[in-house]
Amino acid sequence: MRRPFGVGRLYRLTVSGVTAIVVQNSKEQTRYNLKMKRTILLLLIVLSTGLLRTVRAQDVAVKTNLLYDALLNVNAGVEVGLAPRWTLDVSADMNLWTVGDRKWKHWLLQPEASYWFCDRFAGHFVGAHLLGGQYNAGNIHNSLNFLGTDFSVLTDHRYQGWAVGAGLAYGYSWIIDRHWNIEAEIGLGWVYTRYDVYPCANCGTKVASDKAHNYVGPTKAAINLIYTF
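Residues numbered from 1 in each chain as written. Predicted model: local features only at pLDDT ≥ 70, side-chain atom pairs only at ≥ 80, totals over all residues. Heavy atoms only, no water.

What follows deals with the overall build of the protein. Each helix and strand in the protein was counted, giving 2 helices and 11 strands. Written out in order from the N terminus, the α and β elements of the protein read α-β-α-β-β-β-β-β-β-β-β-β-β. Each of the 229 residues in the protein was classed as buried or not, and the buried ones make up 30%. Taking all contacts inside the protein whose residues are at least 6 apart in sequence as the whole, residues at least 24 apart take part in 57%. Carbon together with sulfur atoms contributes 67% to the accessible area of the protein, which is approximately 14800 Å² in total. (Helix = DSSP H or I, 4+ residues; strand = E, 2+ residues; numbered from the N terminus. Buried < 20%, exposed > 50% of the residue type's maximum accessible area, 1.4 Å probe, protein only. Contact = heavy atoms within 4.5 Å. Areas by Shrake-Rupley, 256 points an atom, 1.4 Å probe, with all protein chains shown as cover.)

Confidence along the protein averages 82 in pLDDT terms, with 75% of residues attaining 70 or more. Predicted confidence for residues 1-26 stays below pLDDT 50, and this span has 13 contacts to residues more than four positions away or in other chains. (pLDDT = per-residue confidence, 0-100.)

Turning our eyes to something else, we now look at the pairing of strand β10 (residues 180-198). With 18 bridges connecting them, strand β9 (residues 158-175) and β10 associate as antiparallel partners. Each bridged residue has a counterpart across the sheet, and for Y170 the counterpart in β10 is I186. Sheet topology note: the β10/strand β11 (residues 208-228) ladder contains 17 bridges and is antiparallel. Residue pairing in the sheet places E185 in a bridge with A222 of β11. (Pairing = 2+ DSSP bridges.)

On to the pairing of β9. Inspection of the sheet shows strand β6 (residues 123-138) paired to β9 by 16 bridges, in the antiparallel sense. Bridged to F125 within β9 is G171. Linking β9 back to β10 in an antiparallel pair, the connection comprises 4 residues.

Time to look at a nonpolar patch on the surface. Where nonpolar side chains cluster on the molecular surface, the patch consists of L72, V74, L82, W86, L88, V90, M94, L96, W97, V99, W107 and L109 and spans about 1100 Å² of accessible area. Going through the elements one at a time, β2 (74-83), β3 (86-95) and β5 (102-116) are the ones with two or more residues in the nonpolar patch. Tallying contributions element by element places β3 first for the nonpolar patch, with 4 residues. Secondary-structure assignment places L109 in strand β5. A residue is classified by how much of its surface remains accessible, and L109, at 42% relative accessible area, is partly exposed. (Patch = residues over 30% accessible without salt bridge, like charges linked within 9 Å, V, L, I, M, F, W, Y side chains within 5 Å. Salt bridge = Lys/Arg side-chain N within 4 Å of Asp/Glu carboxyl O.)

Let's shift gears to the side chain of H106. Tracing the sequence through the fold places H106 in strand β5. Among the polar contacts listed, one links the side chain of H106 to the side chain of D93, at a separation of 2.8 Å. In this structure H106 touches N73, D93, M94, N95, Q134 and Y135, once residues within four positions along its chain are discounted. (Polar contact = N/O pair within 3.5 Å; in protein donor to acceptor, adjacent residues only side chain to side chain.)

Right, let's get into the packing of aromatic side chains. Within the structure shown, the criterion is met by 10 aromatic pairs. Relative to F121, the ring of W116 has its centre 6.0 Å away and its plane inclined at 45 degrees; by these criteria the two rings are tilted. Accessibility classification places W116 together with F121 in one group, the buried group. With a centroid separation of 4.4 Å and an interplanar angle of 35 degrees, the aromatic rings of W116 and F125 are classed as tilted. Here F125 falls in the buried class, since its relative accessible area comes to 1%. Three or more aromatic residues link up through ring pairs in this structure, and these residues are W86, Y115 and F117. When the ring centre of Y198 is taken as origin, the NZ or CZ atom of R158, which lies over that ring, is 4.0 Å away. (Phe/Tyr/Trp six-rings, centres within 6.5 Å; stacked < 30°, edge-to-face > 60°. Lys NZ or Arg CZ within 6 Å of the ring centre and 35° of its normal.)

Set out below in structure tokens:
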């Protein structure tokens, strides 16, 4: 018996009832497949819409601090939107070289949560930040003495240690165009540090070991160039 191509005539039988059952089952399978395809497509549309809304709600910005750039510190930051008026910024900077006879090597990590008075990434904001890092600095000529911290000791000695701290900040962000902002920010806070002291920038013999100091004063100063996505 011959088997022709086609769904409706899968078998050539003289009993029409059998043929009718085959055709009916094929049609039901086709309708089931179409229904499943429509259901899957609808689920994909719903999921895609939800993901797009989530991505749009989580605005992201990248930034660099022009003040740190001027001091030859490599730095960058990423800021993400958490809520209509809240953002989280994580910034880092480092300096791994000696300029002339001055040593200003360090790395610093500084996360900050910010509250915006209007829309995020625009206008006034206040923030609370943490900070932590290590430093190796010396032969930096200055006469600065601020709130109990004498920075002039860096003129004749090298200090090597670590620091942690926290602070509060205020800032303002100016919108330049759709993607670019300029932001200014100043922060004050407290820093706890432990360090070793060396007699000169390149000396290896310690004159003091594992000293502790509490610093109170500026903990953040920034003029940020920002790109928002």
